[in-house]
Amino acid sequence: MAINNIVILTGAGISAESGVATFRGPDGLWEGHRVEDVATPEAFARDPIMVQRFYDERRAALGTVQPNAAHKAFGRLDREWSGELLLVTQNVDDLHERGGVDPAHGGRLLHMHGALKRVWCLACDARSDWEGPLLAQPPCPACGASALRPDIVWFGEMPYHMDRIEAALAAADLFVSIGTSGAVYPAAGFVQMARAFGARTLELNLDVSEGSHLFHESRRGPAGELVPEWVEEVLGG
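The model shown is predicted, which means the values in this text are computed figures rather than measured ones. (Residues numbered from 1 in each chain as written. Predicted model: local features only at pLDDT ≥ 70, side-chain atom pairs only at ≥ 80, totals over all residues. Heavy atoms only, no water.)

Caption draft 1: Region of the structure containing the overall build of the chain. If you tally the helices and strands in the chain, you get 9 helices and 11 strands. The C-alpha atoms of the chain give 18 Å as radius of gyration, which agrees with the globular expectation for 237 residues (18 Å, within 12%). The C-alpha extent of the chain, read off along each of the three principal axes, is 55 × 35 × 35 Å. Out of the 237 residues in the chain, the part that is buried amounts to 48%. Sequence separation of at least 24 residues holds for 65% of the intrachain contacts in the chain that already meet a minimum separation of 6. Total accessible area computed for the chain in this model is approximately 10,900 Å², and 53% of it derives from carbon and sulfur atoms. (Helix = DSSP H or I, 4+ residues; strand = E, 2+ residues; numbered from the N terminus. Rg over C-alpha atoms; globule rule 2.2 N^0.38 Å. Buried < 20%, exposed > 50% of the residue type's maximum accessible area, 1.4 Å probe, protein only. Contact = heavy atoms within 4.5 Å. Areas by Shrake-Rupley, 256 points an atom, 1.4 Å probe, with all protein chains shown as cover.)

Set out below in structure tokens:
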């Protein structure tokens, strides 16, 4: 089967190898907090100071981590793959960009759960790039109102870019899932959607995931090893 159109999904496992805490750890907590206390609209309405402080700390922590070999391999794939490519990430960090994936390269990179380095103004609905803290209620770059929140998709909110992702899955020759638990929807259903439209499916994961049985092929190991090997295979024909 000739491969021209590739859709890739990445999850917390790829960033964990760079030292980024996974969204929900084995104890059910994210950096010591219940997810329900920092990742829902209700939590933000109830205690905006705690939520803003939490994401300010996560945003600042990005400066202490670096892209790993898997991120860099995707940067190479973005530069060298001449076919269609869409990289969809559930991660809110910027390690794909720093690994070399150019977000301006035909829109090949989508953050379906938002990004720590973006803010959303609840007054004017503008979304803006952002580096600093939000706890002091800085003004919106677009309208000047002090109504900014992290541009993160919280539980109960719709992931971004779903129309484009579903269209890409329908046209994919190959769907690859990397470092995901297979437990969070709608991303966990991408493999079934891709298969329904005739794509080959491949999972690269450290451990067996909840969706491993749905893939044509699954490979086990660290993303920093498996992804560069797979990219070499793809680019080598």
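Structure shown, so let's carry the discussion forward.
Caption draft 2: Examining the side chain of Thr-89 more closely. Along the polypeptide, Thr-89 turns up in strand β4 (residues 84–89). A distance of 2.8 Å separates the side chain of Thr-89 from the side chain of Thr-10, its partner in a polar contact. (Polar contact = N/O pair within 3.5 Å; in protein donor to acceptor, adjacent residues only side chain to side chain.)

Caption draft 3: View of the UniProt feature "binding site: substrate" (unreviewed entry) in the chain. Here the UniProt feature "binding site: substrate" (unreviewed entry) sits at Tyr-55 and Arg-58. Along the chain, the position of Tyr-55 falls in helix α4 (residues 48–61). The class of Tyr-55 is buried, set by a relative accessible area of 0%. On the secondary structure map, Arg-58 appears in helix α4. Looking at Arg-58, the relative accessible area reads 14%, which means it is buried. (UniProt positions renumbered as here; feature names shortened; annotations may be inferred.)

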